[in-house]
Amino acid sequence: MDLPPDIALIAGTGIEAWPLDQARDFRLATPYGEVLVRLARFAGQDLLVVPRHGPGHSLPPHRVNSRGMIWALKGLGVTKVVASSAVGAIDPGLRPGDLRVVDDLLDFTRQRPLTFFDAPGQVRHVDMTDAYCPRLSALLKQAVGQPVGEGLLIYAATEGPRFETPAEIRALAQLGARVVGMTQAPEVTLAREAGLCYAAVAVVTNPAAGLGGERVEEAAIYAHLAEALGRFQDAFARFLGLLDASPGCERCPPAPEGLFPHLSLDGMDEGDGQR
Ligand code: HPA
């Protein structure tokens, strides 16, 4: 097998339904459990895709194997990760179906394994000034056609799997959050620990609790995700084109040596990812 690509997509709810060309599914063993990695072709190039919620969308948000996914991608030689995450809109200017690039994170998750630096004697504190890679994020904003001057997009990560209460949403709004979702933490912070360039597209699926005059309904969320998939694919193709023409990143610090062993897809279990 040729070298795997150095760019990966972590496909969130809805976007994981993307029917990719020549897709081959691999089940990678990691110290954190098995991870499904899909090697596919898109827009004339190889792409690694990790369905965040695992085979057949089997993992609820609080059980997503974030350490396994990031560990696998890093070990496979990936340097750039783009992720999609479904979100509720706290900002009333955002509408279901909108795509927006995340600038910063408020982490209100409670019980997820949150670091690679976990062993006694392995005390590390990673800088989060640029949690999201500024270079990839700028290219993604161009690619999704994000209106300029809208202000920073702060994503509040909640534990789930329940949606928030209206009081929680009012509190998050006061803190500056414009969208709320269950999957960006600890994914983005682990990517930073691993020295990856990471950027995320928030796919707006609903007004957050108490804001739309209606309940937050899963069926409506899935309908908006299905409708957004085509626009996400188009934006991702534009992003890959822009990436080719852009100089490298100088803002994302590298990971410590020796923490992430090299991995290869050669000889790995190829199995049915049950899309
Ligand atoms: N809250 C949390 N996560 C979500 C939401 C929401 O309103 N919509 C989609 N994912």
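In this text, all values refer to a predicted model and were calculated from it rather than measured experimentally.

Novice: Would you mind going over the overall build of the protein chain in detail, with residue names and values included?
Specialist: The number of helices and strands found in the protein chain is five helices and eleven strands. In terms of overall dimensions, the protein chain is globule-like: its C-alpha atoms have a radius of gyration of 18 Å, near the 19 Å expected for 275 residues. Counting only C-alpha atoms and orienting by the principal axes, one finds that the protein chain spans roughly 55 × 45 × 35 Å. The 275 residues of the protein chain split such that 52% are buried. Long-range pairs, those at least 24 residues apart, make up 83% of the contacts in the protein chain between residues at least 6 apart in sequence. Total accessible area on the protein chain stands at roughly 12600 Å², and carbon and sulfur atoms take up 51% of it.

Novice: Give me helix α2 (residues 134-144): which residues, what numbers.
Specialist: Residues R135, L136, S137, L139, L140, A143 and V144 constitute the buried set of α2. Residues of α2 that are buried make contact with β5 (80-89), β6 (99-101), β10 (197-207) and α5 (218-244). Residue G145 follows α2 closely and has a positive phi angle near 70°.

Novice: So what's going on with the packing of aromatic side chains? Which residues, and what values?
Specialist: Overall, the coordinates contain nine aromatic pairs when judged by the stated rule. Taking 6.0 Å as the distance between ring centres and 85° as the angle between the ring planes, the aromatic pair formed by W18 and F236 counts as edge-to-face. In this pair, W18 is assigned in the loop between β1 (7-11) and β2 (21-28) and F236 in helix α5, connecting sequence segments 218 residues apart. W18 gets classed as buried once you look at its relative accessible area, which sits at 4%. Taking the relative accessible area as the measure of exposure, F236 reaches 2% and is therefore buried. Judged by centre distance (6.0 Å) and plane angle (50°), the rings of Y132 and Y198 are tilted. Residue Y132 is found in the loop between β7 (104-108) and α2, and its partner Y198 is found in strand β10; the two are separated by 66 residues along the sequence. Owing to a relative accessible area of 4%, Y132 belongs among the buried residues under this scheme. Each member of the aromatic cluster is reached from another via a ring pair, and the members are W18, F42, F232, F236 and F239.

Novice: I'd like a rundown of the site of the ligand, residues and numbers included.
Specialist: A86, V87, G88, F163, E164, V180, G181, M182, T205, N206 and I221 make up every residue found near the ligand. At a separation of 3.3 Å, a nitrogen atom of the ligand approaches a polar backbone atom of G88. Against a free-state accessible area of 260 Å², the protein chains account for coverage of 95% of the ligand. Of the pockets mapped on this structure, the ligand occupies the largest pocket. Contributions of two or more residues to the shell around the ligand are made by β5, β9 (179-181) and β10. Among the elements that take part in the shell around the ligand, β5 stands out by supplying three residues, more than any other. Class assignment of the residues belonging to the shell around the ligand gives a composition of six nonpolar, four polar and one charged.

Novice: Which residues make up unusual backbone geometry, and what are the values?
Specialist: Cis geometry marks the peptide bond from G160 to P161; its omega dihedral reads 0°. Structurally, P161 can be placed in the loop between β8 (154-158) and α3 (166-174). With an omega dihedral of 0°, the bond running from A185 to P186 counts as a cis peptide bond. Turning to its location among the elements, P186 is positioned in the loop between β9 and α4 (187-193). In the Ramachandran plot, Q22 falls in the positive-phi region, its phi being about 50° despite a non-glycine side chain. Phi at A43 is positive, roughly 50°, even though this residue is not glycine. Look at A43 and you get exposed, because its relative accessible area is 52%.

Novice: Quick rundown of the nonpolar core? Include the residues and the values.
Specialist: Counting residues in hydrophobic clusters, the biggest one holds 45 residues, and the most contacted among them are I10, L28, L48, I70, L73, Y132 and Y198. Of the residues forming this core, the biggest block, five residues, is contributed by helix α1 (residues 66-75). Listed in part, the 34 residues of the second largest apolar core include A11, I221, A235 and F239.

Novice: I'd like a description of empty space enclosed by the protein, backed by residues and values.
Specialist: Taken as a whole, this structure holds one cavity of 30 Å³ or more when the rule is applied. When its volume is computed, the largest cavity comes out at roughly 30 Å³. Residue composition of the lining of the largest cavity, grouped by class: six nonpolar, no polar and two charged.

Cut-offs and rules
Residues numbered from 1 in each chain as written. Predicted model: local features only at pLDDT ≥ 70, side-chain atom pairs only at ≥ 80, totals over all residues. Heavy atoms only, no water. Helix = DSSP H or I, 4+ residues; strand = E, 2+ residues; numbered from the N terminus. Rg over C-alpha atoms; globule rule 2.2 N^0.38 Å. Buried < 20%, exposed > 50% of the residue type's maximum accessible area, 1.4 Å probe, protein only. Contact = heavy atoms within 4.5 Å. Areas by Shrake-Rupley, 256 points an atom, 1.4 Å probe, with all protein chains shown as cover. Phe/Tyr/Trp six-rings, centres within 6.5 Å; stacked < 30°, edge-to-face > 60°. Near = heavy atom within 4 Å. Polar contact = N/O pair within 3.5 Å; in protein donor to acceptor, adjacent residues only side chain to side chain. 1 Å grid on protein atoms, 1.4 Å probe; cavity = no way out; pocket = protein on both sides within 12 Å on 5 of 7 lines; lining within 4 Å. Sits in = over half its atoms within 2 Å of the grid points. Nonpolar A, V, L, I, M, F, W, Y, C, P; charged D, E, K, R; others polar. Core = buried A, V, L, I, M, F, W, Y, C linked by side-chain atoms within 4.5 Å. Points joined across faces, edges and corners; volume = space filled by probe spheres on them.

Keep in mind these values describe shape, not function.
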